[in-house]
Amino acid sequence: GNMVEWCLPQDIDLEGVEFKSMASGSHKIQSDFIYFRKGLCFGLACFANMPVESELERGARMKSVGILSPSYTLLYRYMHFLENQVRHQLEMPGHYSHLEAFYDDKKGVLPDSKGSPSSQQPVHWLPSIHRYMYPEMKITHPAGCMSQFIKFFGEQILVLWKFALLRKRILIFSPPPVGVVCYRVYCCCCLANVSLPGLGGTVPESKPFFYVNVADIEMLETEVSYVACTTEKIFEQKRDLYDVYVDNQNVKTHHEHLQPLLKINNADKEKYRRLNDQRQMLMYSQEVGEDCSSCEEDLFILFFMEQNNRIFQTLMEVSASQDKTLTADHARGMGLDPQGDRSFLMDLLEVYGIDVMLVIDNPCCT
């Protein structure tokens, strides 16, 4: 099995991290990177696999080198260092001087490992509308992760958007490599960003858990809302752990009342067309040689944030009105399909505790 070979500080609780930092099934690939969550901290590890002529190691040496931080937003900056270090550890096992120097240089920004969890600042992933303040997670090759997310899921991102906004437990399955799937977790969380003040004080936080495995089952049983990915097919059978299961581009749910949300309606198609039109305009307007991946990331995040703000602004205005009646015209004004999005709207009102009367099709009080 996996084991922790070396760590600093030595008194830190790393139980289970040996399985989080090396995805199940990684022995089949040469290299990977992996984001994960450990308690209040987030981790990034780089994995590499090297053939060796050793019976003891059964012909292969596999290692991961990782770091833990209270926030995941800047971990990507150390990807190159970790990739170099895991290669170094494969070729020269037991030489930790570079890792010691790295820890000594960075440890000032980490909370005291002896500090009680309650004394630490809570980890917030919800970005501000200010473009420089949202989490920067750039993919490791030129195209941005948002662009890949849109290309991979196509219109299905509108289905994921609804589930993310409803704070459902979303589990994404994929065989290794898992690095790019961790980016899908991040993108999924970005779909639910809202920048309106005073919204959702009682709404569960949607947490990016990144990579999870069977050792995380006990923890996941207590979560009411999360987005995570796994390489372990066994999770599909554990239906009490998730609401939405994503297998490659296939999004499914075993909850009957959520089934209508899987259907792409005309309003979804219109939103997807607008998103693509905006992306095309952005690409045409780029100057030659200018890096556009960050601009596309801005566009993606702002597109969904503005969509979400419009929905909640309307719902809050209707709930503050005298008759509290939400009509088909309101739904269309929010960019929703009055019939196709009826069950989505009803769930939204319930999850966010908004007091509104829905009069689309049959009058229904929520």
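Coordinates for the structure precede this section.
Here the structure is a predicted model, which is why all the values come from computation and not from measurement.

Draft legend 1. Structural detail: the overall build of the chain. The secondary structure content of the chain amounts to 11 helices and 11 strands. Sorting the 366 residues of the chain into buried and exposed places 50% on the buried side. Long-range contacts, defined as pairs at least 24 residues apart, comprise 65% of the intrachain contacts of the chain with a sequence gap of at least 6. Entry remark: accessible area of the chain is about 17,900 Å², with carbon and sulfur atoms responsible for 52%.

Draft legend 2. Geometry of the packing of aromatic side chains. Using the criterion set out here, one finds 22 aromatic pairs in the structure. Between Phe149 and Phe300, the ring centres sit 6.0 Å apart and the planes meet at 80°, which makes this aromatic pair edge-to-face. In this pair, Phe149 sits in helix H4 (residues 145–153) while Phe300 sits in helix H9 (residues 293–320), placing the two residues 151 residues apart along the sequence. With a centroid separation of 4.6 Å and 55° between ring planes, the pair formed by Phe312 and Tyr352 is classed as tilted. Taken together, the positions of Phe312 in helix H9 and Tyr352 in helix H11 (residues 342–352) put the pair 40 residues apart, joining distant regions of the chain. Site record: aromatic cluster; members linked through ring pairs are Phe149, Phe152, Phe153, Trp161, Phe300, Phe303, Phe304 and Phe344. Lys162 extends its terminal NZ or CZ atom over the ring of Phe344, reaching a point 5.8 Å from the ring centre. Over the aromatic face of Phe152 sits the side chain of Arg184, whose NZ or CZ is 3.7 Å from the ring centroid.

Draft legend 3. Summary view of the pairing of strand S7 (residues 244–247). The alternating pattern of S7 places Val244 and Val246 on one face and Tyr245 and Asp247 on the opposite face, and all of these are buried. Sheet analysis places S7 next to strand S8 (residues 250–253), joined by four bridges and oriented antiparallel. The residue bridging Asp247 from the neighbouring strand is Asn250, located in S8. What sits between S7 and S8 in their antiparallel hairpin is a turn of two residues, with Asn248 showing a positive phi close to 55°.

About the criteria used
- Residues numbered from 1 in each chain as written.
- Predicted model: local features only at pLDDT ≥ 70, side-chain atom pairs only at ≥ 80, totals over all residues.
- Heavy atoms only, no water.
- Helix = DSSP H or I, 4+ residues; strand = E, 2+ residues; numbered from the N terminus.
- Buried < 20%, exposed > 50% of the residue type's maximum accessible area, 1.4 Å probe, protein only.
- Contact = heavy atoms within 4.5 Å.
- Areas by Shrake-Rupley, 256 points an atom, 1.4 Å probe, with all protein chains shown as cover.
- Phe/Tyr/Trp six-rings, centres within 6.5 Å; stacked < 30°, edge-to-face > 60°.
- Lys NZ or Arg CZ within 6 Å of the ring centre and 35° of its normal.
- Pairing = 2+ DSSP bridges.

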